[in-house]
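Residue-level listing of the chains:
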Amino acid sequence: MKFAFSEISLPKRGSLAVLVFADNTLSPMAQDVDDITGGVLTRALETSRFKGKKGDLLEILAPQDMDVSRVILVGVGEPEDLKLVDFENLGGSLVRKLNTSGARNVTVILDGLESNDLRDNEAAAHITFGAKLGSYRFNKYKTDEDDASEPSLLRMTVACKASSGARKLFTDLEAIAEGVFLTRDLVSEPANTLFPESFADKCRELSALGVDVEILDEDKMERLGMGALLGVGQGSVRESRMAIMHWNGAPNKKSKNPIAFVGKGVCFDTGGISLKPGPGMEEMKWDMGGAGTVTGLMKALAGRKAKANVVGVIGLVENMPDGNAQRPGDIVTSMSGQTIEILNTDAEGRLVLADALWYTQDRFKPELMIDLATLTGAIIIALGHENAGLFSNDDDLADQIFDAGKTVGEGVWRLPMQPEYAKQVKSPIADFQNIGTGGRGAGSIVAAEFLKKFVNDTPWAHLDIAGMAWSKKDTAIVPKGGTGYGVRLLDQFIRKHHEGK
Ligand code: BES
Ligand code: MN
Ligand code: ZN
């Protein structure tokens, strides 16, 4: 789908979308349309339940005395209350509605927003960003081209006062959306085609945008002593990999220590010998969601040429049961030198991250490190699908991530860490064990305490995104499937705190 911006004027063809405020107050252009059509809008509003509430949509087909094929009334509520995220949601809802309607072109007129604090170009760019995010489809495996669910919309034009400023702002947002789409693609891709080596190939493709990509194979990881990560992958016929992606965009500061992002990339999690139950196991194709977010984030940052030095490190494995698989009771030595007793082979993400986190802080001495992982089912019990779990050894960092989440509408909620929980991962015969002694209690916190053993004294935050990487329901800007959660959040975090912007 293509996006464009123009000055405010009525289009000659296609569909037209105009704003309606609270209590059905028409925007100036909506008023013009009502006049031209001899009051069609007013009559339509009177005969429906539409109240101009934020997110209400009403479609009027073939309005008289106009050449456009339809007029969509877009409810926006009180104009002064609208935030960037609201504009994104409006754009997303509009596109999703039109995509099932057969409309091919739409012009959205943004006027009457003088009482809103945002600049016209921001509102216009973000309604377009939302439209783009909402237009995403994972349809590469649909072979029936006549499928009625095929989206119809080809082009959206946003008419506003500051069209050239909007176009400029949208360039960056479009790069971010491309990053989100890469994450969604990776997360939705099944495990027969997306496995450590093919995932690493996807990372390599980012070199076209100026990202330096290094891939570590099993021999290299063996020599580095990554016994924790390699133990998880040893039951799979697919070889493990680690991908390292560098984006060096900081001006005149090539040597500035990077910000590091680390991702869990379990391309499929059967649980291993501690096998998961059959029903729902197909969901574990998205157990590489953390790695997917890190990869999409690198694409977004490179795409908009972020002025920061960033490194993304992802541990890629497949957790399978097999004659060569790791057994419960096995003891492995991690790259840090610390030993781990494997009490449950299904608690594998923390083992992958143990080596990925240690490697990252050891090699890059990052200013700070944030990991993302679909780490625990327990975080879904705690927070459902509204917020990711946030854990940190640094209050300022935690606050910054929380605020970034508020700004972009990707929620995070902090959970505690303290020595009493950490005690649970001490093993009687090794340094640590990979599950806690507390049964089902505080499972997500115990997992975070385990990770903390491998971050040294680096400022660090862990995002448990098990409830966020995948969605079973459509929303305005996030269609069901891989959500791309975290790309916008971390892009905002970098933009605000690490680009001098
Ligand atoms: N990938 C899972 C976590 C998960 C479960 C994500 C369900 C999304 C939905 C992880 O590897 C896992 O299996 N964790 C175990 C840990 C337990 C064995 C301590 C869990 O959460 O049950
Ligand atoms: Mn598991
Ligand atoms: Zn897992």
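Keep in mind the model is a prediction, meaning the values are calculated, not measured.

### Regarding the pattern of salt bridges
Opposite charge on two side chains lets them pair, provided their charged atoms get close.
Next up, step 1: With the rule as written, the count across this model stands at 26 salt bridges.
Next up, step 2: The partner of lysine 140 in a salt bridge is glutamate 189, with the nearest N and O atoms 2.7 Å apart. Linking lysine 140 in the loop between helix 4 (120–134) and strand 7 (155–159) with glutamate 189 in the loop between helix 5 (163–188) and helix 6 (196–204), this pair joins segments that are 49 residues apart in sequence.
Next up, step 3: Its salt-bridge partner being aspartate 491, residue arginine 304 comes within 2.7 Å of it at the nearest N-O pair. Residue arginine 304 is found in the loop between helix 9 (289–303) and strand 11 (309–319), and its partner aspartate 491 is found in helix 15 (residues 487–497); the two are separated by 187 residues along the sequence. In this structure, arginine 304 and aspartate 491 share a single accessibility class: buried.
Next up, step 4: Residues participating in the shared-partner salt-bridge network are Arg304, Asp491, Arg495 and Glu499.

### Some remarks on the sheet that holds strand 8 (residues 212–216)
Next up, step 1: Judged by pairing direction, the sheet is mixed, and its 8 strands sit side by side in the order 8-9-11-10-14-18-15-16 without closing on themselves. Bordering the open sheet on either side are strand 8 and strand 16 (411–414), each of which pairs with just one other strand. The mean angle between the axes of side-by-side strands here comes to 20°, regardless of whether they run parallel or antiparallel.
Next up, step 2: Examined bridge by bridge, strand 15 (residues 387–392) and strand 18 (residues 460–464) share 4 bridges and lie antiparallel to one another. Bridge pairing in strand 18 links serine 392 to alanine 461.

### Section: the packing of aromatic side chains
Next up, step 1: Applying the stated criterion to the full structure yields 9 aromatic pairs.
Next up, step 2: Taking 5.0 Å as the distance between ring centres and 50° as the angle between the ring planes, the aromatic pair formed by tyrosine 136 and phenylalanine 181 counts as tilted. Linking tyrosine 136 in the loop between helix 4 and strand 7 with phenylalanine 181 in helix 5, this pair joins segments that are 45 residues apart in sequence.
Next up, step 3: On the accessibility criterion, tyrosine 136 (7% relative accessible area) is buried.
Next up, step 4: Taking the centre distance of 5.3 Å and the plane angle of 40° together, the rings of phenylalanine 450 and phenylalanine 454 count as tilted.
Next up, step 5: Grouped by ring-pair contacts, the aromatic residues Phe3, Phe5 and Phe170 constitute a single cluster.

### Considerations on the coordination of the manganese ion (ligand 2)
Next up, step 1: Ligation of the manganese ion (ligand 2) by protein atoms is provided by Asp269 (OD), Asp346 (O), Asp346 (OD) and Glu348 (OE), these donors lying 2.0 to 2.2 Å from the ion.
Next up, step 2: Between the two metals, the manganese ion (ligand 2) and the zinc ion (ligand 3), the spacing is 3.1 Å, and aspartate 269 donates to both.
Next up, step 3: Taking the relative accessible area as the measure of exposure, glutamate 348 reaches 1% and is therefore buried.

### Remarks on the coordination of the zinc ion (ligand 3)
Next up, step 1: For the zinc ion (ligand 3), every protein donor is listed as Lys264 (NZ), Asp269 (OD), Asp287 (OD) and Glu348 (OE), and the spread of their distances is 2.0 to 2.4 Å.
Next up, step 2: Classification of the site at the zinc ion (ligand 3) rests on its 6 donor atoms, whose angles at the metal span 78 to 174°, yielding the label octahedral.
Next up, step 3: Each donor residue of the zinc ion (ligand 3) lies on one chain, and together they are spaced K-x4-D-x17-D-x60-E.

### Observations regarding the site of ligand 1
Next up, step 1: Near ligand 1 there are 17 residues, and of these Lys276, Asp287, Asp346, Glu348 and Gly377 occur at the shortest range.
Next up, step 2: In this structure, aspartate 287 approaches ligand 1 through a side-chain N or O atom, which is 2.8 Å from a nitrogen atom.
Next up, step 3: Here an oxygen atom of ligand 1 sits 2.7 Å away from a polar atom, N or O, in the main chain of glycine 377.
Next up, step 4: Burial of ligand 1 by the protein chains amounts to 76% of its free accessible area of 510 Å².

Definitions and cut-offs
- Residues numbered from 1 in each chain as written.
- Chains lettered and ligands numbered in written order.
- Predicted model: local features only at pLDDT ≥ 70, side-chain atom pairs only at ≥ 80, totals over all residues.
- Heavy atoms only, no water.
- Salt bridge = Lys/Arg side-chain N within 4 Å of Asp/Glu carboxyl O.
- Helix = DSSP H or I, 4+ residues; strand = E, 2+ residues; numbered from the N terminus.
- Buried < 20%, exposed > 50% of the residue type's maximum accessible area, 1.4 Å probe, protein only.
- Pairing = 2+ DSSP bridges.
- Axes fitted to C-alpha atoms, helices over the stretch in contact; angles between N-to-C directions.
- Phe/Tyr/Trp six-rings, centres within 6.5 Å; stacked < 30°, edge-to-face > 60°.
- Donors = N, O, S within 2.8 Å, 3.2 Å for Na, K, Ca; no water.
- Tetrahedral: all angles 85-135°; square planar, octahedral: opposite > 155°, others 65-115°.
- Near = heavy atom within 4 Å.
- Polar contact = N/O pair within 3.5 Å; in protein donor to acceptor, adjacent residues only side chain to side chain.
- Areas by Shrake-Rupley, 256 points an atom, 1.4 Å probe, with all protein chains shown as cover.

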